[in-house]
Amino acid sequence: MIPIESESSTKNGIKVVYVAKENILPFLSEKKQEGYDTLLMISGVDYRDHLEVLYHLLSSTNNSRLIVKTKTDGEVDSVTSLWKGADWHERETWDLVGIRFKNHPNLKRILLAEGWVGHPLRKDYPMAKKQYVNLADNGEDTVSFDKMEGY
Amino acid sequence: MEDKVIEVNFGPQHPSTHGVLRIKVKLDGEIIVDAQPVIGYLHRNAEKLAEMGGYPKGMIYIDRLDYVAALNMELGYVLAVESLMDVQVPERAQWIRMMMVELNREASHLIWLGTHGLDMGMLTPFFYCFRERERILRIFDEITGSRLLYNYFAIGGVYSDITPKAMDMIREWTEDFIPKLEEIQSILGKSYIYVSRTKGVGVLTREDVLSYGVTGPMQRASGINRDVRKDSPYLYYDKINFDVPTRTEGDVYARFLVRIEEMRQSARIVRQILDKLPAGDHYNKKYSKPMLVRLKATGEAYVPTESPKGEFGIHLIGDGSSIPYRVRIRSPSFANLSSIPTMLKGYKIADLTAAVSSIDPVFGEVDR
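Nothing here was measured: the structure is a model prediction, and the numbers come from that model.

**Overview of the nonpolar core**
- B:Leu71, B:Ala80 and B:Val81 are the most contacted members of the largest nonpolar core, which totals 134 residues.
- Beyond its immediate sequence surroundings of up to four residues, B:Ala80 is in contact with B:Ala301, B:Val303, B:Ile314 and B:Leu316.

In structure tokens:
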């Protein structure tokens, strides 16, 4: 049994557990064996002083739901070894919130262009600063702060 | 002769990608060795935009996620906000919501069926499907005032009541939709070319489905009987009789049959709602428009709903102010689309359009 740090629930009664960052991979693999066979999504939240990663689990046998949370300073273990679907969700969390996933096979940006500066879902992301994406001759995207660069 | 693998680019601008999907395909002759989808061409960060205004303002961005089933998207957001703030909704409003959502599911599946036929080289079902969809859009036009993006569900109810004229339109539609659906099904399902191009193509096994987190009609075509409407009923789905169709083959043809059967069940639900629709208010008068912008919330809520593509969920976190601290969208197409590498590997390049269109991706929702 992997220890949980604290337990609460959402307003509509879904169980939420906090797990230490080091224990996240063994805890999730234990839960997978208990019957939580579907990983619905991975998301990140920026609480200004720390970051949190959320895992939404669903069991297809008894239809129960569980939200696993962990506090981090920017890096957690990847769970792609447990669920193949975690690949894209982790890439998205890295792209938009800026949380690194250790041992991820291909941790690149997925929605924004490679080379984008900053992570938009961080609370300190500068909204006024515009970035422009151009398609370079070699087929890869380039990002710059100058509107006319690349034309 | 040595093996030569060539790389082919598919999309992002291609008629059978249903939007802006790009797939990097590696081919050995005709056989697909590897397929890597590239997404993000329609990204506008709806999550950040929804975190910048008050709770009612988020609706206009949520509307534009899955733009062919906008009411299903609105429902997910509205239910999440209501469970976060403990808003009471009148019974009539809930029944109206349920009926509208089922009609929109019907419209979304019709647009899928038409374009799927088009991808398979058949033009006729496209016209048949869009004719039927047009009737649903006219019903929406009568009730909400718009045809595509409605902004109809409000926190605490719906914006306008259903008119007697709209009731007649819906009743008329439910009466003659099923024969029309049978006609459309026979055009595709009785065509030798269609069946031989879809049977045994793009197979996802039960294990693949669980591993990728695939939901909706795709998982039900692979033998997993799971539907949020049945498993954890929201609105009044527990007071309605309907079946959840499942198949075990997991190929494109199974997805076709599951979606067709789902359309029959949706029409059955709408017919039952028309009989059960109670009288009363269509919104909670406590939540009038000036009140809405002052809504504050703490805590968090995750509400799953069954959208036409799969499980759509909104995770809301409030920090006590009138602006949501975090809006996280669980979009079903995103997870469904990530199964492309497994789904295409080993099939021929001609099967690619059949398999991709059977996912029913809508890129407003994938890229958010």
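Structure's up, so let's keep going.
**What about the domain arrangement of chain A?**
Residue and element names in this part refer to chain A.
- Split into domains, chain A comes out as domain 1 (6–111) and domain 2 (112–151).
- Taking only C-alpha atoms, the centre of domain 1 and the centre of domain 2 are 28 Å apart.
- Contacts between the two partners involve 9 residues from domain 1 and, on the opposite side, 9 residues from domain 2.
- When the residues that make up the side of domain 1 that touches domain 2 are grouped by side-chain class, the tally is 3 nonpolar, 1 polar and 5 charged.

**Focus on the pairing of strand S2 (residues 15–18) of chain A**
All names here are of chain A.
- Where strand S1 (residues 6–9) and S2 come together, 4 bridges link them in antiparallel fashion. Of the residues in S2, the one forming a bridge with Glu7 is Val17.
- Bridge count for S2 against strand S5 (residues 65–72) is 4 bridges, and the pairing is parallel. Across the sheet, Tyr18 pairs through a bridge with Lys69, a residue of S5.

**Some points on the interface of chain B and chain A**
- Chain B puts 32 residues into the contact, and the matching count from chain A is 25 residues.
- Looking at the side of chain B that touches chain A, the elements with two or more residues in it are helix H1 (46–50), helix H3 (70–85), helix H8 (206–212), strand S6 (298–307), strand S7 (310–319), strand S8 (326–330) and helix H13 (332–337) of chain B.
- Residue contributions to the side of chain B that touches chain A peak at 5 residues, all from S6(B).
- Broken down by class, the residue content of the side of chain B that touches chain A amounts to 11 nonpolar, 11 polar and 10 charged.

About the cut-offs
Residues numbered from 1 in each chain as written. Chains lettered and ligands numbered in written order. Predicted model: local features only at pLDDT ≥ 70, side-chain atom pairs only at ≥ 80, totals over all residues. Core = buried A, V, L, I, M, F, W, Y, C linked by C-beta atoms within 7 Å. Buried ≥ 20, exposed ≤ 12 C-beta atoms within 10 Å, placed from the backbone. Contact = placed C-beta atoms within 7 Å. Domains from an automatic or database assignment. Nonpolar A, V, L, I, M, F, W, Y, C, P; charged D, E, K, R; others polar. Pairing = 2+ DSSP bridges. Helix = DSSP H or I, 4+ residues; strand = E, 2+ residues; numbered from the N terminus.

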